[in-house]
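Structural overview for review
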Amino acid sequence: MIYKDIINNLSDYGINLKDILLVTTSIPPKSSDIDVYCVTKKAKSSVHLFYDRNGIWNEFFIDNIKDTKVKLENKDEIVINFLLEMNFIIGDKKIYKILKTKAQSLRSNYMLPNNRSRIIKYRVKVLSTKFFNPIKPIDEIQQRFILNSLSYPIIQLALVKYHILPSSPKMWILQLKKDMPKEKYGELTLLIQGKCSDKLLKNLIDEYAGDIPEIHIDKSVDNDTTFLS
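Residues numbered from 1 in each chain as written. Predicted model: local features only at pLDDT ≥ 70, side-chain atom pairs only at ≥ 80, totals over all residues. Heavy atoms only, no water.

1. Notes on the overall build of the protein chain
Of the regular secondary structure elements, the protein chain holds nine helices and five strands. Overall, the protein chain shows an N-to-C arrangement of helices and strands of α-β-β-β-β-α-α-β-α-α-α-α-α-α. Based on the C-alpha atoms only, the size of the protein chain along its principal axes is roughly 60 × 45 × 35 Å. Approximately 14300 Å² of the protein chain is accessible, and the part contributed by carbon and sulfur atoms is 54%. Side chains of the protein chain carry 35 positive and 27 negative charges; the gap between the two charge centres is 4 Å. (Helix = DSSP H or I, 4+ residues; strand = E, 2+ residues; numbered from the N terminus. Areas by Shrake-Rupley, 256 points an atom, 1.4 Å probe, with all protein chains shown as cover. Lys, Arg positive; Asp, Glu negative; His and termini not counted. Charge placed at Lys NZ, Arg CZ, Asp CG, Glu CD.)

See below:
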């Protein structure tokens with residue numbers, strides 16, 4: 001019944017069944033919500049987020065095949081996981097297998113494109129300068145907040161360093177525990193627990209963020225927000 005609902009929802013979003021190349025989905029109990037990825041021949045890419053009549057959170061991601069291929073070339077971990085971790089329910093199995101094979105090759109030696117890793121390193125740089133502010137001491141709670149904020153991008157960079165394809169964030173720590181050296185994992189747990197000394201934090205920043213490369217972004221085309229992403 002739930003698969004029928006998925007198709008009905010896609011129809012509501014203007015997706016013609018004949019235009020669908022493949023649909024993958026992850027539903028409870030394997031997932032806390034209903035995730036749907038639909039690849040079409042030419043429909044406009046879109047995202048639809050909502051609660052259904054049963055009070056379950058739904059996330060529908062729709063891409064045309066051109067956008068899917070571009071995202072794979074950009075090593076988009078979300079699309080890679082959509083193809084590898086979710087169940088194929090309808091579509092062209094030949095196209096699905098081609099895309100899944102591409103996704104598997106990206107997972108086997110996962111790397112993040114330079115433009116994306118630079119932005120994550122930039123976040124570490126900005127937060128670290130606030131944490132080690134020599135001019136104006138900050139409140140202890142504010143300092144702990146910044147330390148907590150630092151853990152997220154550092155964890156992202158640790159996943160990249162060890163060529164681990166990020167799954168759902170709820171799995172990141174388990175992934176690192178499984179695939180990185182025990183000593184290095186222990187250092188990250190100290191960071192997450194807020195027990196990280198200033199010396200260890202500086203070492204972690206140097207190890208995972210390293211020298212922050214220059215960043216130059218042309219905002220003349222897309223300037224609807226100042227946030228870097």
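2. Here we look at the sheet that holds strand E3 (residues 46-51)
With mixed pairing, the five strands of this open sheet are ordered in space as E3-E4-E2-E1-E5. Lying at the two open borders of the sheet, with one neighbouring strand each, are E3 and strand E5 (87-91). Pairs of neighbouring strands in the sheet enclose a mean axial angle of 15°, with direction left out of account. Pairing between strand E1 (residues 20-26) and E5: four bridges, direction antiparallel. (Pairing = 2+ DSSP bridges. Axes fitted to C-alpha atoms, helices over the stretch in contact; angles between N-to-C directions.)

3. Structural notes on helix H9 (residues 198-208)
Because each turn of an α-helix spans 3.6 residues, side chains separated by three or four positions end up pointing in the same direction. Every buried residue of H9 is accounted for by Leu-200, Leu-201, Leu-204, Ile-205 and Tyr-208. Along the axis of H9, the buried residues cluster in a sector spanning 140°; they form a single face. In H9, those exposed residues whose orientation departs by more than 90 degrees from the buried face are Lys-199 and Asp-206. Residues of H9 that are buried make contact with helix H5 (114-131), helix H6 (140-161) and helix H8 (182-192). (Buried < 20%, exposed > 50% of the residue type's maximum accessible area, 1.4 Å probe, protein only. Arc of directions from axis to C-beta. Contact = heavy atoms within 4.5 Å.)

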